[in-house]
Amino acid sequence: MLAKRIIPCLDVHAGRVVKGVQFVNLRDAGDPVEQAQVYDRERADELVFLDITASHEGRDIMLNIVRRVADTVFIPFTVGGGIRTVDDMRIILRAGADKISVNTAAVENPHIINEGAERFGTQCIVVAIDAKWETSAGPFDSAQDRPEGGDGWWQTYTHGGRKPRGLDALKWAKEAEARGAGEILLTSMDTDGTQNGYNLDLTRAVSDAVSIPVIASGGAGRLEHFHAALTEGGAQAALAASLFHYRQLSVGDVKEYLREHGVLVRP
Amino acid sequence: MDTSHNPSTGSGRRTQYAAPITIIDYGMGNLRSVQKAFEHIGAGAVITADAGIVDKAPALVLPGVGAFGDAMRNLRDAGLDTAIHRTVEAGKPFLGICLGQQLMFEESEEMGQHRGLGLLRGRVRRFRNGKLKVPHIGWNQIHIQRNDPILAGVPPESFAYFVHSYYVEPRDPDVILATTDYGIDFASIVGRDRMWGIQFHPEKSQDVGLRILRNFAGIVFGTDETQWAQARG
């Protein structure tokens, strides 16, 4: 049977691991390659590197990191952040990444999903969606289009959570799937950085809306949060950054808890 | 990690490794990881897109992620399809990984019908189970069906890393070495004579995957795995 995945995320700025709290106030540092090796030894199932450097120099540093990770870590990893073109995708995949994640570029030019999927296969293309609950009227033609059972909707944000797009996250997830996304990396901006738990409503809603795997992100703080995301939330994988980065919990702790609570994980 | 491939640094046995395992580059990603995994276990591996080098290789690895149709077109355009056939017919070890495994079969239904290399009989089909997520992504168990040198030392029910939407359906059930359950029991490892195909990514399956690659390297370099490991010191 397919195991549920636990995925540490490394936010990388100028070649160092950092972790933001609710998308601002970046703090601390670390070597991303060493950190990846630690997670590998702890039997993380996969890694995500998010390059939050926006410069060309940053891109070269990131490529070097991708190569060094691919040289020493034999689990899959995804690289995201600042990918604009199919050529950007190609360069990162050739450096040794298994998947690339697109967020802003996909919203601004959704065709990049089609092109990437045709060129590299759908399984390489992760569409990252940052969503935030809104109580405004929203971009809906009729009340039926709005998410069920609530008085609001999930707005899609780009540019690292700075720019609202007037785009319903559920609709966008379905479109991304139709265009060839292989996975959705779903971050709740409402719960991100709070350590109060994943956004189960959002995770369940997106997971039900698409037939591709959903990675839950944003809000992990305790062992039971992972369990909830992977059961109630319907996610195939749960991602956390600061929780693992600051050693509040280890990947092993999370897996042991999940195993004890009836969730299949890789030993 | 032993990345050296210099005969002068090794014992007399090291000269066996002068001709490295050859990884075929046909523009379909993820080659570096495969090369580094072989280097990690102490086996030299080179990446080439040159059919002439493929012809001289002691063993071939056809990795790859991406679309079946593009992959076959790239192989044909570079003359690599015929070079692969010559190598396999010469009895040299061949390992197809992920898309590389699928390309070993006769045809695929991925985005239209495409002809494959036809090294093994059968076709490539898409997962069709409304209840399960496609692609099949993540760590799943391999159920060993047959003893085979490629699986030496691999514990039963080991987890390996899969990323795919299509799977192979061999016409000859005897080639199925291991299956994996994802709605259906599909052939996650196939093999016949000196060729093997693996649907998951051994280079991304940590200790289990590295063990399989080490087994392949042992087959390539003509001794059993334990002797080979000892020879490496």
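Look a little higher up for the structure.
Structure report, in brief. (Residues numbered from 1 in each chain as written. Chains lettered and ligands numbered in written order. Predicted model: local features only at pLDDT ≥ 70, side-chain atom pairs only at ≥ 80, totals over all residues. Heavy atoms only, no water.)

So, about the pairing of strand β11 (residues 214-217) of chain A. All names here are of chain A. Side chains of β11 alternate between two faces, with V214 and A216 and I215 and S217 buried alike. Note: strand β10 (residues 183-188) against β11, four bridges, orientation parallel. In the sheet register, I184 faces β11, and the bridge partner there is V214. Following the backbone out of β10, through helix α7 (residues 200-209) and into the adjacent parallel β11, one traces a crossover that is right-handed. Pairing between β11 and strand β12 (residues 237-240): three bridges, direction parallel. Its bridge partner lying in β12, A216 is registered against A238. Once the chain exits β11 it traverses helix α8 (residues 223-230) before rejoining the sheet at β12, and the crossover so formed is right-handed. (Buried < 20%, exposed > 50% of the residue type's maximum accessible area, 1.4 Å probe, protein only. Helix = DSSP H or I, 4+ residues; strand = E, 2+ residues; numbered from the N terminus. Pairing = 2+ DSSP bridges. Right-handed = clockwise from strand over helix to strand, strands pointing away.)

Core analysis: the biggest nonpolar cluster contains 122 residues, and L47(A), F49(A), I184(A), F226(A), I21(B), F38(B) and F216(B) have the highest contact counts within it. Sorting elements by how many residues they give to this core places helix α6 (residues 206-220) of chain B first, with eight residues. Once you skip the residues sitting within four places of it in the chain, L47(A) turns out to touch I7(A), P8(A), L10(A), A36(A), Y39(A), V73(A), I75(A), P76(A), F77(A) and T78(A). Core analysis: the next-biggest nonpolar cluster, separate from the first, contains 32 residues, A71(B), M72(B), F105(B) and V124(B) among them. (Core = buried A, V, L, I, M, F, W, Y, C linked by side-chain atoms within 4.5 Å. Contact = heavy atoms within 4.5 Å.)

Right, let's talk about the packing of aromatic side chains for a bit. When we look at a pair of aromatic rings, we describe it by the centre distance and by the angle of the planes. Residue and element names in this part refer to chain A. Per the stated rule, a full pass over the model turns up 15 aromatic pairs over all chains. Taken together, a centroid distance of 6.3 Å and an interplanar angle of 65° make the contact between Y39 and F244 edge-to-face. With Y39 in helix α1 (residues 32-41) and F244 in helix α9 (residues 242-245), this pair connects stretches of sequence that are 205 residues apart. Look at Y39 and you get buried, because its relative accessible area is 1%. Seen in terms of ring centroids, Y198 and F226 are 5.8 Å apart; in terms of plane orientation they differ by 75°. Their pairing is edge-to-face. (Phe/Tyr/Trp six-rings, centres within 6.5 Å; stacked < 30°, edge-to-face > 60°.)

This part is about the packing of helix α5 (residues 111-120) of chain A against helix α6 (residues 169-179) of chain A. Residues and elements named next belong to chain A. One can describe the packing of α5 onto α6 by two numbers: an axis separation of 8 Å at closest approach and a directional angle of 35°. Relative to α6, the crossing made by α5 is right-handed. Where α5 abuts α6, its residues H111, I113, N114 and A117 lie against W172, A176 and R179. For the contact of α5 with α6, a count of residues per class yields four nonpolar, two polar and one charged. (Axes fitted to C-alpha atoms, helices over the stretch in contact; angles between N-to-C directions. Left-handed = near helix turned anticlockwise from the far one by under 90°. Nonpolar A, V, L, I, M, F, W, Y, C, P; charged D, E, K, R; others polar.)

By definition, the strands of a sheet pair up through backbone hydrogen bonds, in either a parallel or an antiparallel sense. Residues and elements named next belong to chain B. Taken in spatial order, the eight strands line up as β2-β1-β3-β4-β14-β13-β12-β9 in an open sheet, and their pairing is mixed. The two strands at the open ends of the sheet, each matched to only one other strand, are β2 (45-48) and β9 (143-144). Note: strand β1 (residues 21-24) against strand β3 (residues 60-62), two bridges, orientation parallel. Looking across to β3, one finds that T22 is bridged to L60.

Strand order across the open sheet formed by four strands is β6-β5-β7-β11 (chain B), with mixed pairing between neighbours. Looking at which strands have only one partner, the edges of the open sheet turn out to be β6 (114-115) and β11 (166-170) of chain B.

In this section: the packing of α6(A) against α7(A). Residues and elements named next belong to chain A. Between α6 and α7, the least distance of the axes is 9 Å, while the angle of their chain directions is 35°. In the crossing of α6 with α7, the sense of the turn from one axis to the other is right-handed. Residues L170, A173, K174 and E177 of α6 form the contact with α7, whose own contacting residues are A205, V206 and A209. Taken together, the residues of the contact of α6 with α7 break down into five nonpolar, no polar and two charged.

The next point concerns the interface of chain A and chain B. Buried accessible area, meaning the area lost when the parts come together, often serves as the stated size of an interface. Counting residues at the interface gives 41 residues for chain A, matched by 36 residues for chain B. For the chain A and chain B pair, buried surface summed over both sides reaches about 3,200 Å², with 54% attributable to carbon and sulfur atoms. Area buried by chain A at its contact with chain B is led by L2(A), F74(A) and Q123(A), which between them contribute 23% of it. Inspection of the region where chain A meets chain B yields four salt bridges. (Buried area = accessible area lost by both parts, 1.4 Å probe. Salt bridge = Lys/Arg side-chain N within 4 Å of Asp/Glu carboxyl O.)

Moving on, we get to empty space enclosed by the protein. If you roll a probe as big as a water molecule over the atoms, it shows you where there is empty space left. All names here are of chain A. Tallied over the full model, the rule gives two cavities of 30 Å³ or more. The calculated volume of the second largest cavity comes to roughly 40 Å³. Looking at the lining of the second largest cavity, the element that brings in the most residues is helix α2 (residues 56-72), giving four residues. Its residues assigned to classes, the lining of the second largest cavity shows five nonpolar, one polar and two charged. (1 Å grid on protein atoms, 1.4 Å probe; cavity = no way out; pocket = protein on both sides within 12 Å on 5 of 7 lines; lining within 4 Å. Points joined across faces, edges and corners; volume = space filled by probe spheres on them.)

On to the side chain of E134(A). Residues and elements named next belong to chain A. Relative to the helices and strands, E134 is located in strand β7 (residues 125-134). K132 provides the closest opposite charge to the buried, unpaired E134, separated from it by 5.0 Å. Among the polar contacts listed, one links the side chain of E134 to the side chain of Y157, at a separation of 3.0 Å. (Lys, Arg positive; Asp, Glu negative; His and termini not counted. Polar contact = N/O pair within 3.5 Å; in protein donor to acceptor, adjacent residues only side chain to side chain.)

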